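# Reading the structure
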Amino acid sequence: MGCPFISCVPTKVSQNWFGDSERSVATIILGMSNPLGLVLGQTLTPFFVRQPTELPLLNLVWFLPSLPGFLLTVCGVGSSLPPTPPSSSAASAIQSKRRPFMGTIVQLFRNKAFLIIFLFLGAAMGYISTLQTKLEQILCARGYSDQLAGLAAAGIIVAGFLASFPIGLLAQKTGKLIPISKVSCVPAVVLLGVMWWVLVQPGLPHLVLISCLLLGVFSLGIYPVMLELSVECTFPLDESVVTGLCYLSSAFQGVLLMFVENLFETPLQTEEELSIQTCRPVQQAIVTEDMEHMKAKDYTNYLLFINIYMAILIVVFFAFFNTEYRRTKATEPRNHSPVEENSLLKDLKSLQES
């Protein structure tokens, strides 16, 4: 229930509550807090929950950090908007007439720039979710430990979180959101090819970790920039609807990428592959139905498919995405025509006289 709400608010909160110089940092923290919290839970929980009887401790440990935030939100936030708009774009958005929800949806899907972000950003986040979900199965089929798989999955999120700050601040200072996001696409495409080879090779743990860290930098690192771009190309439409649709796209494409694994299911072929796999004990003769998901498989074709899928959408974004910075344009001082200037001078003179 809470996840869609949390995923939709980053751009809306940063737009309505933070000034132009603060907005990028706010989007970074809000946008990356959810994946960072997930990886902290996945990484730290095994250290204090070692058996089923300790599950109540799990609920207690992760409830306590959320309690201060809950109390501050309920008791401290009494309005959807601050008393004074923090920026001219926020004031302009408040004054502009908001479209009905369905009207906003129709307007968004007529926006070419938004459609490209909808597909590209959704595919990127769906790919990361799929890779994190399948990484343990992919690596155990090549003889790697569960600890390495967990470390590599956590490394993607942590590296992306750390990289998002310099990338986001650079985008804020230069205002060049589109070039920065497109520059990140080039190493991302190269990494997709490298990871396809590395993840199906045994005995390369250091390369697995390095490739996952770099993937986090060049994929998750630009996530806040992409959120900002989605607002720039759709302003003054409701930011929460824009971000929510991007989240919906990531969920749909993530489910699609996970489902197609069934179409590429290939068992391990050689005795050497079967002997090094760590998905289940080699000597186990009886395999129950519950343990079928632990069966080691060859994920070479599956990884090739999802990496090509992602690479195609990166190329589409790189080649065809372009937009004017509508929100930034709303904050720029306007040049008035002579007629408008005379009217303003008359209004000012009348105010002075009164």
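So, here is what we can say about the structure in this document. (Residues numbered from 1 in each chain as written. Predicted model: local features only at pLDDT ≥ 70, side-chain atom pairs only at ≥ 80, totals over all residues. Heavy atoms only, no water.)

### As for the overall build of the protein chain
This is how the line gets drawn: Only DSSP runs of H or I with at least four residues qualify as helices, and only runs of E with at least two residues qualify as strands; both kinds are numbered from the N terminus onward. Three labels apply to residues, based on accessible area from a 1.4 Å probe with only protein chains included: buried if under 20% of the type maximum, exposed if over 50%, partly exposed otherwise in between. Contacts are residue-level and defined by heavy atoms, with any inter-residue pair within 4.5 Å sufficient. To measure how exposed things are, a 1.4 Å probe is used in the Shrake-Rupley method; for residues, cover is taken only from the protein chains shown.
Counting its secondary structure elements, the protein chain contains 17 helices and two strands. Burial analysis of the protein chain (354 residues in total) assigns 42% to the buried set. Counting only contacts in the protein chain whose residues sit at least 6 apart along the sequence, the fraction spanning at least 24 positions is 83%. Surface exposure of the protein chain reaches about 19600 Å², of which carbon and sulfur atoms provide 67%.

### Describing a nonpolar patch on the surface
Counted only if it meets this: Patch membership needs two things, relative accessible area over 30% and no salt bridge, and members are linked within 9 Å if like-charged or within 5 Å if nonpolar (Val, Leu, Ile, Met, Phe, Trp, Tyr). Definition used for salt bridges: Asp or Glu carboxyl oxygen within 4 Å of a side-chain nitrogen of Lys or Arg.
Together, Leu304, Ile308, Ile312, Val316 and Phe320 make up an exposed nonpolar region whose accessible area comes to about 430 Å². Examined against the element boundaries, Ile308 turns out to sit in helix 15 (residues 300–320).

### Considering the state of the cysteines
Where we set the bar: Counting rule for disulfides: a pair of cysteine sulfur atoms within 2.5 Å.
For the structure shown, the criterion picks out one disulfide. The thiol of Cys246 is not disulfide-bonded; the next cysteine sulfur, from Cys233, is found 8.3 Å away.

### Digging into the nonpolar core
Going by this rule: Nonpolar core, defined: a set of buried Ala, Val, Leu, Ile, Met, Phe, Trp, Tyr and Cys residues in which side-chain atoms within 4.5 Å join the residues together.
By size, the foremost hydrophobic cluster in this structure holds 72 residues, and its most contacted members are Tyr127, Leu131, Leu199 and Met310. Contact partners of Met310, with chain neighbours within four places excluded, come to Phe120, Ala123, Ala124, Tyr127 and Leu192. Judged by nonpolar contacts, the second largest core, of five residues, contains Cys140, Ala141, Leu268 and Cys279.

### Focus: the packing of helix 8 (residues 112–140) against helix 15
For clarity, the threshold we go by: Fitted lines through C-alpha atoms serve as axes, helices being fitted only where they are in contact, and the angles separating the N-to-C directions of these axes extend from 0 to 180 degrees. In what follows, roughly perpendicular refers to angles from 65 to 115 degrees, roughly parallel to angles under 35, roughly antiparallel to angles over 145, and oblique to any angle outside these ranges. Handedness of a helix crossing follows the sense of rotation of the near helix relative to the far helix, less than a right angle counterclockwise being left-handed and clockwise being right-handed.
The interhelical angle for the contact between helix 8 and helix 15, taken along N-to-C directions, is 155°, at an axis separation of 10 Å. Compared by their axis directions, helix 8 and helix 15 come out roughly antiparallel. When you trace helix 8 past helix 15, the crossing you get is left-handed. Facing helix 8, whose interface residues are Lys112, Ile116, Leu119, Phe120, Ala123, Ala124, Tyr127, Thr130, Leu131, Lys134 and Ile138, helix 15 presents Tyr302, Leu303, Ile306, Asn307, Tyr309, Met310, Leu313, Ile314, Phe317 and Phe320.

### Structural notes on the pattern of salt bridges
Considering all chains together, one arrives at 12 salt bridges under this definition. Among the salt bridges present, the one from Glu239 reaches Lys12, with a minimum N-O distance of 3.9 Å. Of this pair, Glu239 sits in helix 13 (residues 239–259) while Lys12 is found in helix 2 (residues 10–17), placing the two residues 227 residues apart along the sequence. Judged by its relative accessible area of 27%, Lys12 is partly exposed. Here the salt bridges share partners, and the residues they tie into one network are Asp20, Arg23, Glu228, Glu232 and Arg327.

### What to know about the environment of Val25
If you trace the backbone, Val25 turns up in helix 3 (residues 23–48). Counting along the chain gives 147 residues from Val25 to Gln172, while the straight-line C-alpha distance between them is 8.8 Å. Setting aside anything within four residues of it in sequence, one finds Val25 in contact with Leu169 and Gln172.

### Remarks on the packing of aromatic side chains
Note the cut-off: Here the aromatic set is Phe, Tyr and Trp, taking the six-membered ring for Trp, and pairing holds for ring centres within 6.5 Å; pairs whose planes are under 30 degrees apart are stacked, those over 60 apart are edge-to-face, and all others are tilted.
Applying the stated rule across the entire model yields 10 aromatic pairs. Seen in terms of ring centroids, Phe109 and Phe118 are 5.5 Å apart; in terms of plane orientation they differ by 75°. Their pairing is edge-to-face. By relative accessible area, Phe109 is classed as partly exposed at 36%. Each residue in the set Phe109, Phe114 and Phe118 is aromatic and connected to the rest through ring pairs, giving one cluster.

### Remarks on empty space enclosed by the protein
Threshold: Using only the protein atoms, space was sampled on a 1 Å grid; points where a 1.4 Å probe fits but cannot get out form cavities, open sets with protein on both sides within 12 Å along at least five of seven lines form pockets, and lining residues are those with an atom within 4 Å of a point. Grid points are joined across faces, edges and corners, and a volume is the space filled by probe spheres set on the points. Following the grouping adopted for this structure description, the nonpolar residues are Ala, Val, Leu, Ile, Met, Phe, Trp, Tyr, Cys and Pro, the charged ones are Asp, Glu, Lys and Arg, and the polar ones are all others, Gly among them.
The final tally for this structure, using the stated rule, is one cavity of 30 Å³ or more. Put simply, the largest cavity is a space of about 160 Å³. Along the wall of the largest cavity there are 19 residues; nearest its centre are Ala124, Phe218, Ser219, Met310 and Ile314. Listed by contribution, the elements that provide at least two residues to the lining of the largest cavity are helix 8, helix 10 (177–198), helix 11 (205–219), helix 12 (223–232) and helix 15. In terms of residues, the lining of the largest cavity owes the most to one element, helix 8, which gives six residues. Classifying every residue of the lining of the largest cavity gives 16 nonpolar, three polar and no charged.

### Considerations on the side chain of Arg327
What counts here: N or O atoms within 3.5 Å of each other form a polar contact, as long as, within protein, one can give a hydrogen and the other can take it, and as long as residues adjacent in sequence are counted only when both atoms are side-chain atoms.
Relative to the elements of secondary structure, Arg327 occurs in helix 16 (residues 326–331). According to the relative accessible area criterion, Arg327 is buried, its value standing at 1%. Here the side chain of Arg327 touches Glu228 through a polar contact of 2.6 Å, side chain to side chain. The residues touching Arg327, leaving out its near neighbours within four places in the chain, are Gln15, Arg23, Ser89, Glu228, Val231, Glu232 and Phe235.

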